[in-house]
Every structure is written in structure tokens, then in C-alpha cells.
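Examining the three-dimensional arrangement
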Amino acid sequence: MSLHRRKIRFLQELPLLIWLMLVWAMLWQDFSPGTLLFGALLAIAVTRVFYLPPVQLSGRFNVFHAIAFGIEVLARMAWASLQVSLVAVFQGPNVRNAVLSVPLRSHSDLILTAVGHVSSWIPGSMVVEVDRSTSTLYLHALDVHTEADAEKVRAGVRRIEAKLIEVMGSREELKRLRAERTGEVTA
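Conventions adopted
Residues numbered from 1 in each chain as written. Predicted model: local features only at pLDDT ≥ 70, side-chain atom pairs only at ≥ 80, totals over all residues. Heavy atoms only, no water. Helix = DSSP H or I, 4+ residues; strand = E, 2+ residues; numbered from the N terminus. Expected span 1.5 Å × (residues − 1). Buried < 20%, exposed > 50% of the residue type's maximum accessible area, 1.4 Å probe, protein only. Contact = heavy atoms within 4.5 Å.

**Regarding helix α6 (residues 171-182)**
Note on helix geometry: an α-helix contains 3.6 residues per turn, so any two residues three or four positions apart are oriented the same way. Between its terminal C-alpha atoms α6 stretches 17 Å, which fits the 16 Å expected from 12 residues at 1.5 Å a residue. Buried within α6 we find E173, L174, L177 and A179. Buried-residue contacts for α6 involve α4 (109-121) and α5 (147-168). Once α6 ends, the next one or two residues include G183, with phi positive near 85 degrees.

Listed below in C-alpha cells is the structure:
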């Protein structure tokens, strides 16, 4: 292991610092200036003590796709909440669950993390493991009885990934996604 860390520019680290500061405020459910300032100081301390490799951003962000994706996620959350309620009422403890592997297209840490979080936000599924080396998510899914049910869950997660690639994936990932949709073969 190298004793020298790669120097990270402050602007490159700024999104992580802001996120950690907001997580601190959310944990305390207090967004006062004092809490935010302490969260910022804590975020700086954490990033200095616990080295994290920098998240590589693609350099693109599509606002139109982000808004459409946000609306779709809210709709899926509402629909899944209704489905989970019905399963709880009508199947109760007899519901059948499964742990599924979902290999993703993207090998970006940012996309992998975002797909995992969004998948866990939608009721009825929870990410239980992430294999970063193969870009595979393992999900615990509710009400899976057949392989067709499992494929439906996998397709839903891969749709989330596709939407996130459209929002903020690299140009190469977007090109591969479009080629996949049209049936073209890419190297």
C-alpha cells in the first residue's frame, strides 16, 4: 500500500463535502447554520482521516432526463407502496422473497451507488450487497415467486440504471446504451 495519497482538488471534493454536511444535518433533523457549519467541519475531518478515492464525474448532466427520472421514481415509489400494502394485507407472513443478483452495464462508482440507492428507495426491494469489481447489485425483493418475477425485478433495476446513464452517465455509456436499444453491436 502506498503511503502517498493522490492529491484531490478542492472543487472535485466539494460535492462530497456538501453531501456529508447535509447528511449530518439530516441525521440531526436540524438545518440551522451552526449544525451545517459543524457538519462541514466534520465532513472535512472525515475526508482527511478516512481516504476515499475520488468519484469520477462524467462531465455531463441532462436536466430534462433528470426531471423525467425524478417523476418516474416518485410514481414507482407510490405504485410500489400500494403493491407492498396489498401483499402485506393479503399474503401476510406467507409472502415469498428472493435475493437476486443484478449485473449492471456501468462500471462507474457513481452510477452503481445511485442505482443502489434509488432501488432501495422503492418499497419492496433493498440492496443487501454490492460487488464493485463486477458492478453487480444483490437485492432482497418482496413477492418473487417465479423466474419471471425475478426478471421483472432485474429489468426494473436495469431501467433505473439506464435512466441514470441518460441523466449523468459518460458519453461512452450513453452511446452503448443507445446501441443496446437499437440492437447494434459495440466493442
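**Details of the environment of W79**
In this fold, W79 is placed in helix α3 (residues 63-90). The class of W79 is exposed, set by a relative accessible area of 53%. With 43 residues separating them along the chain, W79 and I122 place their C-alpha atoms 9.1 Å apart.

**Focus: unusual backbone geometry**
Phi at S135 takes a positive value of approximately 55 degrees, unusual for a residue other than glycine. Here S135 is to be found in the loop between β2 (125-131) and β3 (136-141). The phi dihedral of D143 is positive, around 65 degrees, even though this residue is not glycine. Looking at the element boundaries, D143 is found in the loop between β3 and α5.

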